[in-house]
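Below, each chain spelled out in residue letters.
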Amino acid sequence: MTEKEFLNAVAGATEDVLQLFLNALSRSGVDYCLIGGLAVNAYAEPVVSLDLDVVVAADELEGICKAVESHFKIERFAHRVNLSTAKSDLRIQLQTDQRYQDFVPRASARTVLGYLMRVASVKEVLQGKIRAYLDEERRRSKRQKDLADIARLVEANPSLVEQLPALVRQRLE
């Protein structure tokens, strides 16, 4: 079983919706980058997640939504646009938080669970995970996952420990 087949099996997918989404990004020429838990997989041992957090260039958000509207249900929230389909449990979350826009131009092509995608730099993925962990409005279970992702990144890239705020470093010890 390939990594792609594994992810699709875990997601209960009847169609490779991630590849469909990536193809739409490519056809549209949309500049984007992966952040979040699946992005951590580009830099550390992989862990399965059904959330694909993506930042697209702000001026291209409506274009990509238009490009995928025939395949995905689109739901808009304060800091994200969710794309979903009955053909997979994978949840694609287009992050609209302006703090992530600077990540897009510095992203590089990386393979994540068998898919070639543009991924934010390891330092920026860590920065995003730290932000998420410190956000007390997030559910506790999500924050614990963020802390585990931070630990995975630091274990795979020990020099990153210098970037951790004291509170996060303390929680990892």
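So, here's what we can say about the structure. (Residues numbered from 1 in each chain as written. Predicted model: local features only at pLDDT ≥ 70, side-chain atom pairs only at ≥ 80, totals over all residues. Heavy atoms only, no water.)

1. Some thoughts on the environment of Gly-29
Structurally, Gly-29 can be placed in the loop between helix H2 (17–28) and strand S1 (32–35). In the structure, Gly-29 is positioned 116 residues away from Lys-145 in sequence and 32 Å away in space, judged by C-alpha atoms. (Helix = DSSP H or I, 4+ residues; strand = E, 2+ residues; numbered from the N terminus.)

2. What to know about the pattern of salt bridges
For the structure on display, the rule yields 14 salt bridges. The partner of Asp-31 in a salt bridge is Arg-118, and the shortest N-O contact between them spans 3.7 Å. Within this pair, whereas Asp-31 is found in the loop between H2 and S1, its partner Arg-118 is found in strand S7 (residues 115–119), the two being separated by 87 residues in sequence. One salt bridge connects Lys-73 with Glu-75, and the closest N-O pair in it is separated by 3.9 Å. The network of salt bridges with shared partners includes Lys-129, Arg-138, Lys-145, Asp-146, Asp-149 and Arg-152. (Salt bridge = Lys/Arg side-chain N within 4 Å of Asp/Glu carboxyl O.)

3. A few points about the layout of surface pockets
A probe matching the size of a water molecule, rolled over the atoms, marks out where space remains unfilled. Taken as a whole, the largest pocket holds about 870 Å³ of empty space. Lining the largest pocket are 28 residues, with Asp-53, Gln-93, Gln-95, Ala-132 and Arg-138 sitting closest to its centre. For the lining of the largest pocket, the class distribution of residues is 5 nonpolar, 7 polar and 16 charged. (1 Å grid on protein atoms, 1.4 Å probe; cavity = no way out; pocket = protein on both sides within 12 Å on 5 of 7 lines; lining within 4 Å. Points joined across faces, edges and corners; volume = space filled by probe spheres on them. Nonpolar A, V, L, I, M, F, W, Y, C, P; charged D, E, K, R; others polar.)

4. Quick notes on the packing of aromatic side chains
Considering all chains together, one arrives at 2 aromatic pairs under this definition. When the centroid spacing of 6.5 Å and the interplanar angle of 85° are considered together, the rings of Phe-21 and Phe-72 count as edge-to-face. Of the two residues, Phe-21 is situated in helix H2 and Phe-72 in the loop between helix H4 (61–68) and strand S3 (73–76); the sequence distance between them amounts to 51 residues. Taking the relative accessible area as the measure of exposure, Phe-72 reaches 6% and is therefore buried. When the centroid spacing of 5.3 Å and the interplanar angle of 85° are considered together, the rings of Tyr-100 and Phe-103 count as edge-to-face. In this pair, the class of Tyr-100 matches that of Phe-103, namely buried. We note Arg-143 situated over the ring of Tyr-133; from NZ or CZ to the ring centre the distance is 5.2 Å. (Phe/Tyr/Trp six-rings, centres within 6.5 Å; stacked < 30°, edge-to-face > 60°. Buried < 20%, exposed > 50% of the residue type's maximum accessible area, 1.4 Å probe, protein only. Lys NZ or Arg CZ within 6 Å of the ring centre and 35° of its normal.)

5. Things to note about H4
Every buried residue of H4 is listed here: Leu-61, Ile-64, Cys-65 and Val-68. For H4, the buried positions fall inside an angular range of 105° around the axis, keeping them on one side. Check the buried side of H4 and you find it contacts H2, strand S2 (51–56), S3, strand S4 (80–85) and strand S5 (88–95). (Arc of directions from axis to C-beta. Contact = heavy atoms within 4.5 Å.)

6. Quick word on empty space enclosed by the protein
Inspection of every chain in the model, using the stated rule, returns 1 cavity of 30 Å³ or more. By volume, the largest cavity amounts to about 40 Å³. Around the largest cavity, the lining residues are Leu-7, Asn-8, Ala-11, Asp-16, Val-17, Leu-18, Ser-88, Leu-90 and Tyr-115. At the level of elements, helix H1 (3–10), H2 and S5 are the ones that each hand at least two residues to the lining of the largest cavity.

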